[in-house]
Amino acid sequence: MSARGGRGNAGRRVLIIVENLPVPFDRRVWMEATTLRDAGYSVSVICPVGREHTAPFEVIDGIAVYRHPQPPEGHRGLDFVREYAVALAHEMRLAWRVRRERGFDVIHACNPPDLIFLVALPFKLLFGTRFIFDQHDVNPEVYLAKFGRRDLPYRGLLIAERLTYALADVVISTNESFKRLALRRGGKRPEDVFVVRSGPRLDRFRPRPGGEHHRAGFRYLVGYVGVIGAQDGLDYLLRVARLIVDSGRTDIKFMIIGGGTSLEELRVMCTRMGLDPYVEFTGMVTDQAELLERLTACDLCVGPDPKNPMNDISTMNKVLEYMALGKPIVQFDLTEGRYSAGDASVYARPNEETDFAAKILDLLADPKRRARMGEIGQERMRRALSWEYQVPQLEAAYARALSKRQPGRPGQAPVGERKPPAT
């Protein structure tokens, strides 16, 4: 069957652009793509290559995936500029290719960075393509969390964010804190901002027995899954582990699942602290069955993200995943972390490692409380936070974007109402 889309589905063709992770590995983006497919949209995705996902083009479950080489990750100012410039060039090239081969009426941009509006801009100006901004991160706050400076790069990030908001017909926010930023800092109208959270699909992300061997002889297993970057708090977790070991508790293993720019630095830190016998860095686990087995085997899971302007307003995917698997949680007391987990978590005083260590030990000593917290988390996912509850909001966001009149000729019908040209 040809990859070329027909004009009969005008208004129902979507191009999703994500720069941060490949699909289908990016769980949120893949859930959005498959949900839109199920709603009758023709879906294309532009993303980087990564790990096993290296084909420059393939169709997966009816979704056309166009991949570009992964630009080298930046660590300094010029590195970031180079990284984003290379990625944008690939995204622009592939966007024109997608338009030729399949067409699209909506560009759905997933940040970071807040520069994908540059790819969407010519299509919006020339063809009236709708633009949806899916805000996964608040990049000015990410910069503050990493560098603590309100300098020229910070102001540049604010400008890029504001331009993205301005071009967007609709903004998708991952929580209410992000929505408030879109309204206040982005100047968006309430009817143009939709909260679509990142909870997993409960029919696919559920406990999987068989991972007990990952304990490696330890009585207790404490788990972490997620990105390993400068702002994610794994250095806090290592210091917490050192405090626990120093207290005489050598029966606890810490399992850190994930990859990122700080992984090797943390491995060195772990060795220097003498924690290698008690800490396992698995690297990225792309096989979902193995991931579920590892997390299911944990006695509790942790969110060591320190309190800062970014983390306090962010919903951490890992917390929702822990809840879906019925795992009790220890995390620092963050606004959105508390909203997500409620009584499924205990909350250490922000950025206080001794309190975090004490909370872990207290919870490990109380199996009945752990079981009850796990049940509370699963119930909260079933009743409010799983992906199934986000689908109506995603569909409403698209209906809103497509209902807007195109810029250009007065009286021009919205894309969804256009008739195919006569043949």
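Further up the page is the structure itself.
Residues numbered from 1 in each chain as written. Predicted model: local features only at pLDDT ≥ 70, side-chain atom pairs only at ≥ 80, totals over all residues. Heavy atoms only, no water.

## Some words on the overall build of the protein
Right, so step 1: Along the protein, the regular secondary structure elements total 14 helices and 14 strands.
Right, so step 2: When the 423 residues of the protein are sorted by exposure, 56% land in the buried category.
Right, so step 3: Considering only contacts within the protein whose residues lie at least 6 apart along the sequence, 71% involve residues at least 24 apart.
Right, so step 4: Total accessible area computed for the protein in this model is approximately 18,100 Å², and 53% of it derives from carbon and sulfur atoms.
Right, so step 5: Each charge class in the protein can be summarised by its mean position, and for the 62 positive and 53 negative side chains these summaries are 6 Å apart. (Helix = DSSP H or I, 4+ residues; strand = E, 2+ residues; numbered from the N terminus. Buried < 20%, exposed > 50% of the residue type's maximum accessible area, 1.4 Å probe, protein only. Contact = heavy atoms within 4.5 Å. Areas by Shrake-Rupley, 256 points an atom, 1.4 Å probe, with all protein chains shown as cover. Lys, Arg positive; Asp, Glu negative; His and termini not counted. Charge placed at Lys NZ, Arg CZ, Asp CG, Glu CD.)

## Here we look at the sheet that holds strand S10 (residues 252-257)
Right, so step 1: With respect to topology, six strands assemble into an open sheet ordered S11-S10-S9-S12-S13-S14, the strand pairing being parallel. Edge strands, defined here as strands with exactly one partner in the open sheet, are strand S11 (279-283) and strand S14 (345-348). Across the sheet, the mean angle from the axis of one strand to that of its neighbour is 25°, orientation sign disregarded.
Right, so step 2: Sheet topology places strand S13 (residues 329-332) next to S14; four bridges connect them, and they run parallel. Residue pairing across strands places Gln331 opposite Tyr347, the latter belonging to S14.
Right, so step 3: Most of the contacts of helix H10 (residues 317-324) go to strand S9 (residues 220-225), to which it runs at about 135°, and overall it touches S9, strand S12 (300-303) and S13. (Pairing = 2+ DSSP bridges. Axes fitted to C-alpha atoms, helices over the stretch in contact; angles between N-to-C directions.)

## What to know about the sheet that holds strand S5 (residues 106-110)
Right, so step 1: Taken in spatial order, the eight strands make up an open sheet running S3-S4-S2-S1-S5-S6-S7-S8, and their pairing is mixed. With one partner strand each, in any of the chains shown, strand S3 (57-60) and strand S8 (193-195) form the two edges of the open sheet. Strand-to-strand, the axes of this sheet are offset by a mean angle of 20°, without reference to chain direction.
Right, so step 2: Taken together, the four bridges between S3 and strand S4 (residues 63-68) define a ladder with antiparallel strand orientation. Along S4, the bridge assignment pairs Ile60 with Ile63.
Right, so step 3: Helix-sheet contacts for helix H5 (residues 152-167) involve strand S6 (130-135) and strand S7 (170-173), and the interaxial angle to S6 is about 135°.
Right, so step 4: Lying over the sheet, helix H6 (residues 176-184) contacts S6, S7 and S8, oriented at roughly 175° with respect to S8.

## What about empty space enclosed by the protein?
Right, so step 1: For the structure shown, the criterion picks out two cavities of 30 Å³ or more.
Right, so step 2: Of the voids in this model, the second largest cavity is the one considered here, and its volume is about 30 Å³.
Right, so step 3: As for the second largest cavity, its lining consists of Gly303, Asp305, Asn311, Ser314, Met316, Gln331, Leu334, Glu336 and Gly337.
Right, so step 4: Here the lining of the second largest cavity is built from residues that sort into two nonpolar, five polar and two charged. (1 Å grid on protein atoms, 1.4 Å probe; cavity = no way out; pocket = protein on both sides within 12 Å on 5 of 7 lines; lining within 4 Å. Points joined across faces, edges and corners; volume = space filled by probe spheres on them. Nonpolar A, V, L, I, M, F, W, Y, C, P; charged D, E, K, R; others polar.)

## Points about the packing of aromatic side chains
Right, so step 1: Within this structure, the stated rule accounts for eleven aromatic pairs.
Right, so step 2: Measuring from centroid to centroid gives 4.8 Å for Tyr143 and Phe147, while their planes differ by 50°, and the two rings are tilted. With a gap of four residues between them, Tyr143 and Phe147 both fall in helix H4 (residues 139-147), about one helical turn apart.
Right, so step 3: Residue Tyr143 is classed as buried on the basis of its relative accessible area of 11%.
Right, so step 4: Given the relative accessible area of 33%, Phe147 is considered partly exposed.
Right, so step 5: Pairwise contacts between aromatic rings join Trp96, Phe104, Phe123 and Phe127 into one cluster.
Right, so step 6: The ring of Tyr347 carries the charged tip of Arg338 above its face, separated from the ring centre by 4.0 Å. (Phe/Tyr/Trp six-rings, centres within 6.5 Å; stacked < 30°, edge-to-face > 60°. Lys NZ or Arg CZ within 6 Å of the ring centre and 35° of its normal.)

## Quick notes on the nonpolar core
Right, so step 1: Counting 62 residues, the largest nonpolar core has Leu238 and Ile360 as its most contacted members.
Right, so step 2: Ignoring any residue separated from it by four or fewer positions in sequence, one finds Leu238 in contact with Ile256, Leu266, Met269, Cys270, Met273, Leu275, Val279 and Phe281.
Right, so step 3: Judged by nonpolar contacts, the second largest core, of 31 residues, contains Phe131, Phe133, Leu167 and Ala168. (Core = buried A, V, L, I, M, F, W, Y, C linked by side-chain atoms within 4.5 Å.)

## So, the side chain of Gln231
Right, so step 1: Mapped onto the elements, Gln231 comes out in the loop between S9 and helix H7 (234-246).
Right, so step 2: By relative accessible area, which is 19% here, Gln231 ends up buried.
Right, so step 3: Ignoring any residue separated from it by four or fewer positions in sequence, one finds Gln231 in contact with Val142, Ala145, Lys146, Pro306 and Asn311.

## Focus: the packing of helix H1 (residues 27-38) against helix H14 (residues 391-403)
Right, so step 1: At a minimum axis separation of 11 Å, H1 and H14 run at an interaxial angle of 70°. In this view, H1 runs roughly perpendicular relative to H14, as classed from their interaxial angle. Facing H1, whose interface residues are Glu32, Thr35 and Leu36, H14 presents Val391, Leu394 and Tyr398. (Parallel < 35°, antiparallel > 145°, perpendicular 65-115°, else oblique.)

Honestly, that's just the spatial picture; any functional story needs more than this.
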